[in-house]
Amino acid sequence: MKAAAFDYVAPTTVAAALEALVGAEDGRVLAGGQSLAPMLNLRLAMPRLLVDLGGITELRGVSNDGARHRIGAMVTHAVLEDGVHAFADRGMLAFVAAGVAYRAVRNRGTIGGSLAHADPAADWPSALLALDAAVVVAGPAGSREIAVGEFLRGAFATALEAGEIVTAVLVPELSPQARWGYYKICRKAGEFPDAIGAVVIDPPRGVSRVVMGALDGTPVLLPGLSLDAAPEAIATAVAAAAPELDAVDHRLHAVAVRRALARASAP
Ligand SMILES: Cc1cc2nc3c(=O)[nH]c(=O)nc-3n(C[C@H](O)[C@H](O)[C@H](O)COP(=O)(O)OP(=O)(O)OC[C@H]3O[C@@H](n4cnc5c(N)ncnc54)[C@H](O)[C@@H]3O)c2cc1C
């Protein structure tokens, strides 16, 4: 199948992209196209206008305000995987990026596109929730910052409003004492996972975040779990956070969380 006809614009600034979206009857932005292009070809999405963000240099930048890294929405998984930019993240961003699909997808897929797409099984939503990151969104009314936990509203649903685009992700710096772990269970290499565990423990900053992801909806924080949490405590937390899952899925998710905690504990 081929995509339905659409108009196409390729602005070079965020302001021009927002302007193109204003008044567009059914406008959609194109980032890496790794999720959107198949949807177009299957006609699951039939926008009248595609606004290609690929030529907007300001969306590919990375900077630091002293406490948080600002990662442009169009930064690709591959750029993060390759360590092109230095982050005070103890290597977590590169590790997570390297596990997204396979290299051809990572070369084009973007961190902003992944968050905006909000696939429940995607890696960035869970990892960035564990990191307590925030999303910067720009729209006709200006720019706003939203915590990842509030930005993600459900499966393929976000807090983005009409005419808004994700411009950056803000990731807090980890202290040198921080520990993290990320573990996902996939049936085949390069496929979306069935279960994700993501952990960030940063005592100097008072941060302790354990996330269970690849659920039917958004990833969730599991309260009260420490690095040395017993398997029974993990199983109880998983079951309490997702009572809708069956026993097999509870076990799968508990294993992912347990292994993420084990990785975070490893010397
Ligand atoms: C074979 C395959 C395997 C994959 N496996 C995994 C995996 O294991 N883990 C994983 O995490 N991901 C996986 N992905 C998805 C991949 O990570 C994509 O990169 C990601 O989902 C979308 O990013 P994109 O930049 O390609 O966005 P696009 O496909 O261009 O856009 C996706 C959606 O987000 C919207 N959008 C994009 N950017 C913005 C923005 N800045 N502001 C507002 N809206 C925006 C678009 O309008 C569209 O609706 C896989 C993809 C493929 C094709």
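None of these values were measured; they are calculated from a predicted model.

Novice: Where do I start with the overall build of the chain in this structure?
Specialist: Helix and strand counts for the chain stand at 10 helices and 14 strands. In summary, the chain has a C-alpha radius of gyration of 18 Å against a globular reference of 18 Å for 267 residues, a match within 12%. Classification of the 267 residues of the chain by burial places 48% in the buried group. Carbon together with sulfur atoms contributes 54% to the accessible area of the chain, which is approximately 12,400 Å² in total. Taking the average location of the 23 positive side-chain charges in the chain and that of its 27 negative ones, the two points are 6 Å from each other.

Novice: How should I be thinking about the sheet that holds strand 2 (residues 27-30) in this particular structure?
Specialist: In sheet architecture, strand pairing relies on hydrogen bonds along the backbone and comes in two forms, parallel and antiparallel. One open sheet holds the three strands; their spatial order is 1-3-2, and the pairing between them is parallel. Whereas interior strands pair on both sides, the edge strands pair on one side only; in this sheet they are strand 1 (7-9) and strand 2. Averaged over all pairs of adjacent strands, the angle between strand axes in this sheet comes to 25°, irrespective of strand direction. In terms of strand pairing, strand 2 meets strand 3 (residues 49-52) through four bridges, oriented parallel. Looking across to strand 3, one finds that Arg-28 is bridged to Leu-50. Most of the contacts of helix 1 (residues 14-21) go to strand 3, to which it runs at about 175°, and overall it touches strand 1, strand 2 and strand 3.

Novice: What is the right way to read the sheet that holds strand 14 (residues 220-221) from this model?
Specialist: Sheet architecture is open: four strands sit in the order 11-12-13-14, paired in antiparallel fashion. The open sheet has two free edges, formed respectively by strand 11 (179-185) and strand 14, since each of these has just one partner strand. In this sheet, strand 14 lies alongside strand 13 (residues 207-213) in antiparallel orientation, the contact comprising two bridges. Bridging from a neighbouring strand, Met-212 pairs with Val-220 of strand 14.

Novice: Help me understand helix 1 in this model?
Specialist: Three- or four-residue spacings in an α-helix give side chains the same orientation, since the helix completes a turn every 3.6 residues. Restricting attention to buried positions, one finds in helix 1 the residues Val-14, Ala-17, Leu-18 and Leu-21. Buried residues of helix 1, viewed axially, fall in a sector of 95°; they line one side. Exposed positions of helix 1 whose direction lies more than 90 degrees from the buried face are Ala-15 and Glu-19. If you follow the buried residues of helix 1, they end up packed against strand 2, strand 3, strand 6 (134-139) and strand 10 (165-172).

Novice: Explain the site of the ligand here, please?
Specialist: In the region of the ligand, 31 residues are neighbours, and Val-29, Gly-33, Leu-36, Thr-110 and Asp-123 sit closest. Within the side chain of Arg-28, a nitrogen or oxygen atom sits 3.1 Å from an oxygen atom of the ligand. One of the backbone nitrogen or oxygen atoms of Leu-36 is found 2.7 Å away from an oxygen atom of the ligand. Protein chains shield 91% of the accessible area of the ligand, which is 970 Å² for the free molecule. Elements with a contribution of two residues or more to the shell around the ligand: strand 2, helix 6 (111-117) and strand 10. Ranked by residues supplied to the shell around the ligand, first place goes to helix 6 with four residues. Residue classes in the shell around the ligand are distributed as 16 nonpolar, 11 polar and four charged.

Conventions and cut-offs
Residues numbered from 1 in each chain as written. Predicted model: local features only at pLDDT ≥ 70, side-chain atom pairs only at ≥ 80, totals over all residues. Heavy atoms only, no water. Helix = DSSP H or I, 4+ residues; strand = E, 2+ residues; numbered from the N terminus. Rg over C-alpha atoms; globule rule 2.2 N^0.38 Å. Buried < 20%, exposed > 50% of the residue type's maximum accessible area, 1.4 Å probe, protein only. Areas by Shrake-Rupley, 256 points an atom, 1.4 Å probe, with all protein chains shown as cover. Lys, Arg positive; Asp, Glu negative; His and termini not counted. Charge placed at Lys NZ, Arg CZ, Asp CG, Glu CD. Pairing = 2+ DSSP bridges. Axes fitted to C-alpha atoms, helices over the stretch in contact; angles between N-to-C directions. Contact = heavy atoms within 4.5 Å. Arc of directions from axis to C-beta. Near = heavy atom within 4 Å. Polar contact = N/O pair within 3.5 Å; in protein donor to acceptor, adjacent residues only side chain to side chain. Nonpolar A, V, L, I, M, F, W, Y, C, P; charged D, E, K, R; others polar.

Geometry only, nothing functional implied.
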